[in-house]
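# Structure at a glance
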Amino acid sequence: MIVRTLEECKNSERRVVSETWESVRMLLKDDKMGFSFHITTIFGGTETHIHYQNHLESVYCMSGEGEIEVVGDKTYPIKPGTLYILDKHDEHYLRAYEGKEMVMACVFNPPITGQEVHDENGVYPLVD
């Protein structure tokens with residue numbers, strides 16, 4: 001059994017921060033669950049380019065507002081209660097509206113390892 005609190009994970013190496021987002025990794029590859037689970041905050045008024053080439057990603061918006069633009073396709077609004085799922089080829093832009101910081105629960109399969117470690121093609125390390 002794994003029991004953790006968000007606060008406990010925020011005060012550890014499981015917290016990763018960039019200029020546009022903060023992600024608290026509640027479950028990672030080393031937890032041996034077959035997926036990773038994160039609480040991610042997208043800072044208001046920001047845009048992040050994301051391309052997880054080898055992951056399935058499921059994201060549920062708990063608060064805030066913004067949009068997701070799938071490169072070469074449509075733009076979809078995001079608000080509390082919105083779930084989006086991306087397959088391994090969905091390059092996208094994630095935007096949080098000014099003053100509308102988004103807090104999201106994210107599941108990745110296969111799990112990521114911890115820090116944002118990409119190779120030159122935007123690929124996360126995969127489960128062996």
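If you look the chain up in an unreviewed UniProt entry, it shows as L-ectoine synthase from Enterovibrio coralii. For the chain, the Catalytic activity (unreviewed entry) comment in UniProt is given as "(2S)-4-acetamido-2-aminobutanoate = L-ectoine + H2O". Heading Pathway (unreviewed entry) of the UniProt record for the chain holds this comment: "Amine and polyamine biosynthesis; ectoine biosynthesis; L-ectoine from L-aspartate 4-semialdehyde: step 3/3."

Within the open sheet, the four strands sit side by side as S4-S9-S6-S7. Their pairing is antiparallel. Two strands in the sheet have a free side with no partner beyond their single neighbour: strand S4 (46-50) and strand S7 (75-78). Put simply, the sheet's adjacent strands are angled 20° from each other on average, direction ignored. Summarising the sheet, strand S6 (residues 66-70) and strand S9 (residues 92-96) pair through five bridges and their orientation is antiparallel. Residue pairing for S9: glycine 66 is matched across the bridge by alanine 96.

Before going further, it helps to spend a moment on a nonpolar patch on the surface. A cluster of nonpolar side chains, contributed by Tyr60, Met62, Leu83 and Ile85, occupies part of the molecular surface with about 410 Å² of accessible area. When contributions to the nonpolar patch are tallied by element, the ones reaching two or more residues are strand S5 (56-63) and strand S8 (83-86). On the basis of relative accessible area, tyrosine 60 is assigned to the partly exposed category, the value being 39%.

Bringing the sheet that holds S5 into the picture now. Two modes of strand pairing occur in sheets, parallel and antiparallel, and in both the strands are linked by backbone hydrogen bonds. Strands sit in the order S1-S2-S3-S10-S5-S8 across an open sheet of six strands; the sheet is antiparallel. Only two strands of the sheet have a single neighbouring strand rather than two, namely strand S1 (15-17) and S8. The sheet shows a mean angle of 20° between the axes of neighbouring strands, taken without regard to direction.

To continue, consider the pairing of S9. Burial within S9 is extensive, with four of its five residues counted as buried. Two strands pair when backbone bridges link them, and S4 and S9 are joined in this way by five bridges, in the antiparallel orientation. Across the sheet, residue glutamate 47 finds its bridge partner in S9, namely arginine 95.

Each value, and the rule that gives it
Residues numbered from 1 in each chain as written. Predicted model: local features only at pLDDT ≥ 70, side-chain atom pairs only at ≥ 80, totals over all residues. Heavy atoms only, no water. UniProt positions renumbered as here; feature names shortened; annotations may be inferred. Pairing = 2+ DSSP bridges. Helix = DSSP H or I, 4+ residues; strand = E, 2+ residues; numbered from the N terminus. Axes fitted to C-alpha atoms, helices over the stretch in contact; angles between N-to-C directions. Patch = residues over 30% accessible without salt bridge, like charges linked within 9 Å, V, L, I, M, F, W, Y side chains within 5 Å. Areas by Shrake-Rupley, 256 points an atom, 1.4 Å probe, with all protein chains shown as cover. Salt bridge = Lys/Arg side-chain N within 4 Å of Asp/Glu carboxyl O. Buried < 20%, exposed > 50% of the residue type's maximum accessible area, 1.4 Å probe, protein only.

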